[in-house]
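Report on the structure
What follows is the residue order along each chain.
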Amino acid sequence: MLRGLILGAAVFLSGVALAKPPAGGAFCSTYPSAPVCTGQQPSCTYCHVAPPQRNAFGARLEPHLAPGAARPLSDGDFASALPWALEAVEAEDADGDGVPNLVEIQRGTFPAEPNSIPVDTGHCQAGENPQYDVCRYDARFAYKRLLLDLCGVSPTYAQFKEFSALSADEQRARMDAELERCTTSEFWRGKNGQLWKLAHPKIRPVGSLKAGEDPGTIALADYYDDYALYAYAQLDDHDAREVMTAKYYVRRESNPTRYSVVPTLPTQSMDELHRAGNITSRWSLLYFVMFSALPRNAASQAYRAYLGLDIAKQEGLFSVPGEPRDYDAKGVTAPACAACHATLDPLSYPFRNYEGLSFPINPDAPWGTYVPNRIEKRFPNDSPIITQMPEVGYLFGQPVRDLVEWAEVGANSDAFAIAAVTDYWKLLVGHAPTAEENAEFVATWKRFKGTHQYRVQRMLHDLIRTEAYGAP
Ligand SMILES: [Ca+2]
Ligand SMILES: [Ca+2]
């Protein structure tokens with residue numbers, strides 16, 4: 001629904017401030033329940049045709065942005081002025097489609113596009129579909145779906161008939177019991193099952209580099225360990241955050257699949273003090289850090305995989321003043337790069353001492369370990385200031401002293417809960433939450449974070465009760 005990703009949007013041209021990195025954040029703190037803020041932030045095109053050129057909505061905002069103040073506005077001044085400007089134009093209709101800006105923001109349509117207007121889904125009529133209650137939650141529909149999604153089988157005719165004959169309360173109880181049963185199935189928790197599918201984009205397996213079971217031609221690391229920790233954290237009464245924070249490892253047994261906690265694994269090399277779940281697994285470090293002095297790729301992958309924020313799509317930008325410093329002389333202070341790197345570089349500093357690959361193998365810096373003064377030992381001459389690179393970094397604009405704290409702050413953030421529930425929403429409902437589903441989605445992740453204390457299994461009982469899941 002967010003169209004057009006404009007990279008390098010926050011460039012500066014002839015001293016004129018263009019699209020601002022803090023815009024998305026300031027917008028979403030003004031309208032936290034807007035669908036465009038659900039697990040994401042509005043892209044530049046919300047206010048711009050292509051920066052610096054504003055669209056109809058951006059053009060209405062501009063005169064209300066700190067009127068009279070000298071241009072360009074600093075990021076800070078911009079961020080504090082934007083909420084006032086947004087409020088000032090709430091009652092206006094920037095694109096002339098008859099719907100005021102505020103209504104469009106809240107209903108998830110675009111205030112700068114006349115073709116984008118709220119549609120009332122008033123087409124539901126009783127009796128339209130004799131099989132199911134189309135307008136509202138239908139337990140029989142949800143029951144079928146649940147067995148397919150979690151057990152991988154449709155109910156038999158006899159099961160379905162029996163379910164249909166139950167009272168509403170009995171149906172709910174049966175569904176809860178089936179959810180518990182199905183999440184013990186191989187289809188759900190086993191190798192290459194539903195949970196492993198959710199883990200694929202986080203682990204990014206590469207068969208040719210696989211060590212251990214199912215080995216590749218260049219056996220570097222066994223990422224089945226990463227799948228095991230991920231699956232363990234999703235199951236039973238376990239805390240989902242530990243995929244980022246675990247100090248332990250998880251061993252998998254097959255037939256039937258069982259995951260159990262172990263303090264060490266022969267396939268892993270990180271010392272306990274510096275361990276942060278799958279972020280510091282041997283595979284993650286080898287594959288995402290590789291040969292880099294400043295592991296930006298490792299940081300942006302963890303940010304995207306576990307916190308749902310993709311810097312390449314201008315998501316989750318929290319510019320840190322004075323950044324990027326360009327310690328490794330990669331030219332990231334160039335205008336087109338600086339907007340993203342003011343977030344990405346400080347996000348990456350806490351990875352500075354985590355070793356990926358090196359050839360020849362350095363005995364002082366073994367692969368997949370924490371190496372104090374790694375930059376000084378391995379890359380001292382990469383640039384004149386590279387050894388000044390700190391280990392302290394920033395996550396969400398907040399300082400973090402090392403990667404372990406990075407992972408803790410990340411795991412406790414709303415972004416983590418939103419990203420985790422979004423994964424299951426996509427898997428079970430079939431798509432990312434839509435504007436119509438937003439209220440149920442927000443309630444679900446808030447309960448996941450609060451009432452359910454990050455227990456996925458408890459959250460799933462909520463998810464199967466949503467209209468998004470159970471309304472045909
Ligand atoms: Ca409008
Ligand atoms: Ca519109």
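Every value quoted in this text rests on a predicted model; they were computed, and no experiment measured them. (Residues numbered from 1 in each chain as written. Chains lettered and ligands numbered in written order. Predicted model: local features only at pLDDT ≥ 70, side-chain atom pairs only at ≥ 80, totals over all residues. Heavy atoms only, no water.)

**Remarks on the coordination of the calcium ion (ligand 1)**
The protein atoms that coordinate the calcium ion (ligand 1) are Asp93 (OD), Asp95 (OD), Asp97 (OD), Val99 (O) and Glu104 (OE), at distances of 2.1 to 2.4 Å. All donors of the calcium ion (ligand 1) come from a single chain, and their spacing in sequence reads D-x1-D-x1-D-x1-V-x4-E. Between the calcium ion (ligand 1) and the calcium ion (ligand 2) the interatomic distance amounts to 4.0 Å, and aspartate 95 serves as a bridging ligand to the pair. In terms of burial, aspartate 97 and valine 99 fall into one category: buried. (Donors = N, O, S within 2.8 Å, 3.2 Å for Na, K, Ca; no water. Buried < 20%, exposed > 50% of the residue type's maximum accessible area, 1.4 Å probe, protein only.)

**Looking at the packing of helix α5 (residues 139-151) against helix α6 (residues 157-164)**
Direction vectors running N to C along α5 and α6 enclose 145 degrees, while the axes themselves pass 10 Å from each other. Like other packed secondary-structure pairs, α5 and α6 cross with a definite hand, here right-handed. Of the residues in α6, those touching α5 at Ala139, Arg140, Tyr143, Lys144 and Leu147 are Gln159, Phe160, Phe163 and Ser164. Across the contact of α5 with α6, the residue classes tally to five nonpolar, two polar and two charged. (Axes fitted to C-alpha atoms, helices over the stretch in contact; angles between N-to-C directions. Helix = DSSP H or I, 4+ residues; strand = E, 2+ residues; numbered from the N terminus. Left-handed = near helix turned anticlockwise from the far one by under 90°. Contact = heavy atoms within 4.5 Å. Nonpolar A, V, L, I, M, F, W, Y, C, P; charged D, E, K, R; others polar.)

**Some points on the domain arrangement of the protein chain**
Domain annotation of the protein chain identifies domain 1 (12-107), domain 2 (131-168 + 415-472) and domain 3 (183-412). Placing the centre of domain 2 and that of domain 3 at their C-alpha centroids yields a distance of 31 Å. Taken together, the contact between domain 2 and domain 3 spans 20 residues of the former and 27 residues of the latter. Roughly 1900 Å² is buried in total at the junction of domain 2 and domain 3, and carbon and sulfur atoms are behind 55% of that figure. Three residues, Phe416, Tyr454 and Gln457, lead the burial of domain 2 against domain 3; their summed loss comes to 32% of the area buried on that side. Inspection of the domain 2/domain 3 interface yields four salt bridges. Aspartate 239 is the salt-bridge partner of arginine 455, the closest N and O atoms lying 3.8 Å from each other. The interface formed by domain 2 and domain 3 contains 10 residue pairs in polar contact (both at pLDDT 80 or more). (Domains from an automatic or database assignment. Buried area = accessible area lost by both parts, 1.4 Å probe. Salt bridge = Lys/Arg side-chain N within 4 Å of Asp/Glu carboxyl O. Polar contact = N/O pair within 3.5 Å; in protein donor to acceptor, adjacent residues only side chain to side chain.)

**Quick notes on the state of the cysteines**
This structure, assessed with the given rule, holds two disulfides. In this model cysteine 151 forms its disulfide with cysteine 182; the gap between the sulfur atoms is 2.0 Å. Where cysteine 151 bonds to cysteine 182 through sulfur, the torsion about that S-S bond is close to -100 degrees, and the disulfide is left-handed. With cysteine 151 in helix α5 and cysteine 182 in helix α7 (residues 168-182), this pair connects stretches of sequence that are 31 residues apart. Relative accessible area serves as the criterion here: at 12%, cysteine 151 is assigned to the buried category. Each bonded cysteine of the protein chain gets a number by its place in the sequence, and the pairs then read 1-2, 3-4. (Disulfide = S-S within 2.5 Å.)

**Considerations on the packing of aromatic side chains**
In this description, an aromatic ring pair is defined by two values, namely the gap between the centres and the angle between the planes. Evaluation of the coordinates by the stated rule reveals 23 aromatic pairs. Ring centres of tyrosine 232 and tyrosine 248 lie 5.8 Å apart, and the angle between their planes is 75 degrees; this geometry places the pair in the edge-to-face category. Of this pair, tyrosine 232 sits in helix α10 (residues 224-234) while tyrosine 248 sits in the loop between α11 (242-245) and β5 (249-253), and the two are 16 residues apart along the sequence. Since its relative accessible area comes to 13%, tyrosine 232 is described here as buried. Relative accessible area serves as the criterion here: at 16%, tyrosine 248 is assigned to the buried category. On the numbers, 6.2 Å between centres and 40 degrees between planes, the contact of tyrosine 303 with phenylalanine 396 is tilted. Residue tyrosine 303 is located in helix α13 (residues 296-307), and its partner phenylalanine 396 is located in the loop between β7 (393-395) and β8 (398-400); the two are separated by 93 residues in the primary sequence. Aromatic ring contacts, followed pair by pair, group Trp196, Tyr223, Tyr224, Tyr227, Trp283, Tyr287 and Phe288 into a single cluster. Sitting over the face of the ring of tyrosine 223, lysine 210 holds its NZ or CZ atom 5.5 Å from the ring centroid. Over the aromatic face of tyrosine 224 sits the side chain of lysine 210, whose NZ or CZ is 3.8 Å from the ring centroid. (Phe/Tyr/Trp six-rings, centres within 6.5 Å; stacked < 30°, edge-to-face > 60°. Lys NZ or Arg CZ within 6 Å of the ring centre and 35° of its normal.)

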